[in-house]
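# Commentary on secondary and tertiary structure
For reference, the chains in residue letters:
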Amino acid sequence: MTDTPIAIEVDCSTGIATERPLTADEIAARDAAAAQAEADAKAKADADAAAAAAKASAEAKLAKLGLTADEVAAIL
Amino acid sequence: MANTYYLIASNTVGSGGASSVTFSSIPQTYTDLVLKSSVRSTSTDNWLNISFNGTSATVNWSARWIGGTGTAANSSSSTNSTYSVLENDSTTTASTFSNSEIYIPNYTSANAKSLSLDNVFENNATAAQSFLMASLWNNTAAITSMTLTPSSVNIAQYSTFYLYGIKNS
């Protein structure tokens, strides 16, 4: 991989593809987008984990009340 | 019914990868556009965002989609979000690439543009995804350029893009 990210532009009127290194501003914007994507993915993973933990907790509490596994599954 | 496909332009990403691929100066002489792509990401992110005419990838977009992972199905809708193509990420089987097709009817019209997308990423494992999306780009400008940008990092080497023009007569 090259050190500087490359943007490709294909001119449809000529069919010629040109490659150019990204500008500093473009790299900064790209890094920010990557950080946001990573944060979004982590937030989703955290939310999924919290939901799974809450479900497990609810199942445990219902089991302590005497519900069978099938009965718990029927209401969750 | 489209009866004529013309290859307008194509690109295969080279050894350095690419942070974006743009098709510029799209001719205004066809009825519809079709972009066929085979894409892999160099990161664990697997979305390739689309924008037209150099505008933001999120402004004036709305979409409805349905997908499946092999173990579950899901669906959702969005507004002012990105219109995205699924790409194979770096965790999928080596040297596998996604397949996708975007159909853009009446791309030169002065009305909002509707699009459809179908794609799947390949994986020699249980987890894989297929994805269908219908979307609207609420902009009256004719489409003259199209840019595909990963949510993060690079488009991998050997990813390919083929842009076709279609005439219905």
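How each quantity is defined
- Residues numbered from 1 in each chain as written.
- Chains lettered and ligands numbered in written order.
- Predicted model: local features only at pLDDT ≥ 70, side-chain atom pairs only at ≥ 80, totals over all residues.
- Pairing = 2+ DSSP bridges.
- Helix = DSSP H or I, 4+ residues; strand = E, 2+ residues; numbered from the N terminus.
- Axes fitted to C-alpha atoms, helices over the stretch in contact; angles between N-to-C directions.
- Core = buried A, V, L, I, M, F, W, Y, C linked by C-beta atoms within 7 Å.
- Buried ≥ 20, exposed ≤ 12 C-beta atoms within 10 Å, placed from the backbone.
- Contact = placed C-beta atoms within 7 Å.
- pLDDT = per-residue confidence, 0-100.
- Nonpolar A, V, L, I, M, F, W, Y, C, P; charged D, E, K, R; others polar.

So, about the sheet that holds strand S12 (residues 160-167) of chain B. In sheet architecture, strand pairing relies on hydrogen bonds along the backbone and comes in two forms, parallel and antiparallel. Residue and element names in this part refer to chain B. Taken in spatial order, the eight strands make up an open sheet running S1-S12-S3-S8-S9-S10-S5-S6, and their pairing is antiparallel. Looking at the sheet topology across the chains shown, the edges are occupied by strand S1 (4-12) and strand S6 (73-79). Direction aside, neighbouring strands of the sheet carry axes that sit 15° apart on average. Across seven bridges, strand S3 (residues 32-39) lies against S12 in antiparallel orientation. The partner of Ser38 across the bridge, within S12, is Thr160.

Okay, the nonpolar core next. One finds B:Leu33, B:Val85, B:Ile143, B:Met146 and B:Leu163 to be the most contacted residues of the largest nonpolar core, which totals 36 residues. Ignoring sequence-local partners within four residues, the contact set of B:Leu33 consists of B:Ile104, B:Tyr107, B:Ile143, B:Leu163 and B:Gly165.

Looking at chain B, pLDDT values average 87 and 95% of them are 70 or higher. Listed scores for the predicted complex are pTM 0.80 and ipTM 0.86.

One widely used convention gives an interface's size as the accessible area the parts lose upon coming together. Residue-level contacts link 19 residues of chain A with 22 residues of chain B. Top contributing element to the side of chain A that touches chain B by residue count: strand S1 (residues 6-11) of chain A, with six residues. Classifying every residue of the side of chain A that touches chain B gives 12 nonpolar, three polar and four charged. Relative to strand S2 (residues 20-24) of chain B, S1(A) is paired through five bridges, and the arrangement is parallel. Across the sheet, the residue bridging to A:Ala7 is B:Ser20, located in S2(B).

Now for unusual backbone geometry. Residue and element names in this part refer to chain B. Positive phi is not limited to glycine here, since Ser95 has a value of about 65°. Among the secondary structure elements, Ser95 is positioned in the loop between strand S7 (83-86) and strand S8 (98-105). Among the residues examined, Ser95 registers 10 C-beta atoms within 10 Å and is labelled exposed. Of note in the backbone geometry, Tyr158 takes a positive phi value of approximately 75° without being a glycine. Along the polypeptide, Tyr158 turns up in the loop between strand S11 (146-150) and S12. Tyr158 gets classed as partly exposed once you count the C-beta atoms within 10 Å, which come to 15.

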